[in-house]
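# Summary of the model geometry
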Amino acid sequence: MKKYLYIYNYSPHEKELCQMEFRQIFHEEMQSKYYFTNQDFPYQRSVFIKGKLDIMCVSHQFEEIVKDITCKNLCYYNFKVIYLKNEITHVNYQESLERCKAIALPIDGSVNMQNPQTVFAITKINNQWIFGIYHDEMTWGLRYHKPYSYSHSLNVRDARTLVNIAVGSHEQMSIVDPCCGIGTVVLEALSMGFNIRGYDINRDVSYQARLNLEHFGYDPFLIERKDIHCLKQYFDVVIMDIPYGVYSPFTYEQQVSLLKATTVITHRLVLVTHICMNDELKKLGYQIVDQCEIVKGQFKRYITLCEREKE
């Protein structure tokens, strides 16, 4: 069975959010920034995964790695070999160069250090040498700059992570963002190939959100101007960054009204709030599945995943 190494990286204020995403994708607690698994996860979905190694050989002895590569009769054109540094086991620079040369020697084909088609990587974690094909291509950063945006909107990293928390490893879910604003969550979900729709009650904002979708080549009419209370379609999961009155008054009672409206259209909710609303969620029949806080400066957000029984 094939095995993979996922290499994680996150800033201190994102640690809880990263761990929450990890639990929903891999269904266990995160123990390290280096995760070995048989699960072939599309690593580009996560902003926290720095790279993915398709493992080809593992051994306590480096010589066994070289021997195994030789026996495989590998032939690749335009390849290069790199050493993956890690925080667990230190290998000095000179040794890493020598290891890479020893790995490259038995591979037939041609080396291309500037524009390789295949990147092989060798690393040592604890007492094991690990060799495989390395992937680190990232495309999600392309949507950092949208034609329309607001300072209080969710950023791309948070929006993408919310989608991963909502979906986990169940890629066929239908998703809705009923307070989508300028459409960041919708854009990120679409870029990952998910089935999502967005709605916003504000005419100007929903129009700008459609222009954002169109700018990146997506169907603009996946976002409509509509009040959440008017939605009738049922979705597998709702993602909602609840409005909290940054530029216009929005009362706590109105926030609760939005929560209540979600019970008509889903049984699973990923909620973003600036205050803890667990009591209100429980009153509506939701059970808290997972939760974390994002604290940046003086600003705090609660990310809550909750579910209720289907009616």
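Here the residue index of a chain counts from 1 through its sequence in written order. Residues qualify for local features only when their pLDDT is at least 70, as the model is predicted, and side-chain atom pairs are given and counted only at 80 or more; totals for whole chains, interfaces and linings, by contrast, use all residues. With hydrogens and water excluded, all non-hydrogen atoms of the structure serve as input to the side-chain values.

## A few points about helix α5 (residues 184-191)
Formally: Burial here depends on accessible area, computed with a 1.4 Å probe over protein chains only, as a share of the maximum for the residue type. Under 20% is buried, over 50% is exposed, and the range in between is partly exposed. Secondary structure follows DSSP: runs of H or I at least 4 residues long count as helices, runs of E at least 2 residues long count as strands, and numbering of each begins at the N terminus. The contact criterion used is simple: two residues touch if any of their non-hydrogen atoms lie within 4.5 Å.
Buried residues dominate α5, accounting for seven of its eight residues. Of the surrounding secondary structure, the elements contacted by the buried residues of α5 are α4 (156-167), β8 (174-177), β9 (195-200), α6 (203-215), β10 (223-225) and β11 (237-241). Of the residues trailing α5, G193 is marked for its positive phi of about 85 degrees.

## Concerning the environment of I294
Within the element layout of this structure, I294 appears in strand β13 (residues 287-296). We classify I294 as buried; its relative accessible area is 10%. Taking the C-alpha atoms as reference points, I294 and E14, separated by 280 residues in sequence, lie 6.6 Å from one another.

## Some points on the sheet that holds β13
Defined as follows: A pair of strands is treated as paired once DSSP finds two or more bridges between them. Comment: axis = line fitted to C-alpha atoms, over the contacting stretch for helices; angle = value between 0 and 180 degrees taken between N-to-C directions.
The sheet built from seven strands is open, its strands ordered β10-β9-β8-β11-β12-β14-β13 with mixed pairing. In the strand order of this sheet, the two ends are held by β10 and β13, each with one partner. Direction aside, neighbouring strands of the sheet carry axes that sit 15 degrees apart on average. Relative to strand β12 (residues 268-273), β11 runs parallel, the two being bridged by four bridges.

## So, the nonpolar core
Selection criterion: We define a nonpolar core as any set of buried Ala, Val, Leu, Ile, Met, Phe, Trp, Tyr and Cys residues linked to one another through side-chain atoms lying within 4.5 Å.
Judged by nonpolar contacts, the single largest core of 49 residues is most densely connected at Y6, Y8, V163, V270 and I303. Examining the composition of this core, we find that seven residues originate from one element, α4, more than from any other. The contact partners of I303, leaving out residues within four places of it in the chain, are L17, M20, L162, I165, V270, L271, V272, D290, Q291, C292 and I294. Counting residues in hydrophobic clusters, the runner-up holds 20 residues, among them M240, A261, L284 and Y286.

## Topic: the layout of surface pockets
The test is simple: A 1.4 Å probe that fits into a set of points on a 1 Å grid over the protein atoms alone but cannot get out defines a cavity; an open set with protein on both sides within 12 Å along at least five of seven lines defines a pocket, and lining residues are those with an atom within 4 Å of a point. Grid points are joined across faces, edges and corners, and a volume is the space filled by probe spheres set on the points. Charged means Asp, Glu, Lys or Arg here, nonpolar means Ala, Val, Leu, Ile, Met, Phe, Trp, Tyr, Cys or Pro, and polar covers whatever is left, Gly included.
By volume, the second largest pocket amounts to about 270 Å³. What lines the second largest pocket is a set of 15 residues, and nearest its centre among them are N155, D158, I294, K296 and R301. Within the residue set of the lining of the second largest pocket, elements represented by two or more residues are α4, β13 and β14 (299-307). Looking at the lining of the second largest pocket, the element that brings in the most residues is β13, giving three residues. Considered class by class, the residues forming the lining of the second largest pocket number five nonpolar, five polar and five charged.

## Let's talk about the side chain of T89
Keep this limit in mind: In the analysis that follows, any N or O atom pair within 3.5 Å is treated as a polar contact, provided that within protein one partner can donate a hydrogen and the other can accept it, and provided that, for residues neighboring in sequence, both atoms belong to side chains.
By secondary structure assignment, the location of T89 is in the loop between β4 (75-83) and α3 (93-104). Here N126 takes part through its backbone nitrogen, which lies 2.7 Å from a polar atom of the side chain of T89. Discounting chain neighbours no more than four positions away, the residues touching T89 are Y83, K124, I125 and N126.

## Describing unusual backbone geometry
A positive phi is found at H27, a non-glycine position, where the angle reads about 60 degrees. Classification of H27 by relative accessible area gives exposed; the value is 51%. Positioned with a positive phi, N126 is a non-glycine residue whose angle comes to about 55 degrees. In this structure, N126 sits in the loop between β6 (118-125) and β7 (128-135).

## Structural notes on the packing of helix α1 (residues 15-26) against α4
Let me state the cut-off plainly: Here the word oblique covers every angle except those under 35 degrees (roughly parallel), over 145 (roughly antiparallel) and from 65 to 115 (roughly perpendicular). Left-handed describes a crossing whose near helix is turned anticlockwise from the far helix by less than a right angle; the clockwise case is right-handed.
Put simply, α1 and α4 touch, their axes get as near as 8 Å, and they point 30 degrees apart. By the criterion of interaxial angle, the relationship of α1 to α4 is roughly parallel. Of the two possible hands of crossing, α1 and α4 adopt the one that is left-handed. Contacts between α1 and α4 involve L17, M20, E21, Q24 and I25 on the former and, on the latter, D158, T161, N164 and I165. Residue composition of the contact of α1 with α4, by class: four nonpolar, three polar and two charged.

## Observations concerning the environment of K52
Note that K52 resides in strand β3 (residues 49-59). With a relative accessible area of 8%, K52 lands in the buried category. Along the primary structure K52 and I7 are separated by 45 residues, whereas in three dimensions their C-alpha atoms are 6.2 Å apart. Excluding its chain neighbours within four sequence positions, the residues that come into contact with K52 are Y4, L5, Y6, D40, F41, Y43, I133, Y134 and H135. Engagement of the side chain of K52 in a polar contact is seen with the side chain of D40, the distance being 2.4 Å.

## A few points about the pattern of salt bridges
Condition: A pair is scored as a salt bridge if a Lys or Arg side-chain nitrogen falls within 4 Å of a carboxyl oxygen belonging to Asp or Glu.
On inspection of all chains with the given rule, the structure shows 16 salt bridges. Measuring nitrogen to oxygen at the nearest pair gives 2.7 Å for the salt bridge that ties D290 to R23. With a gap of 267 residues between them, D290 in strand β13 and R23 in helix α1 connect regions that are remote in the sequence. The two residues D290 and R23 agree in class, both being buried. Residue E171 pairs with R45 through a salt bridge whose shortest N-O separation is 3.4 Å. Placement of E171 in the loop between α4 and β8 and of R45 in the loop between β2 (34-37) and β3 is noted, with a sequence separation of 126 residues between them. You can call E171 partly exposed: its relative accessible area is 37%. Within this structure, R23, E29 and D290 form a network of salt bridges that share partners.

Coordinates in, geometry out; function isn't part of it.
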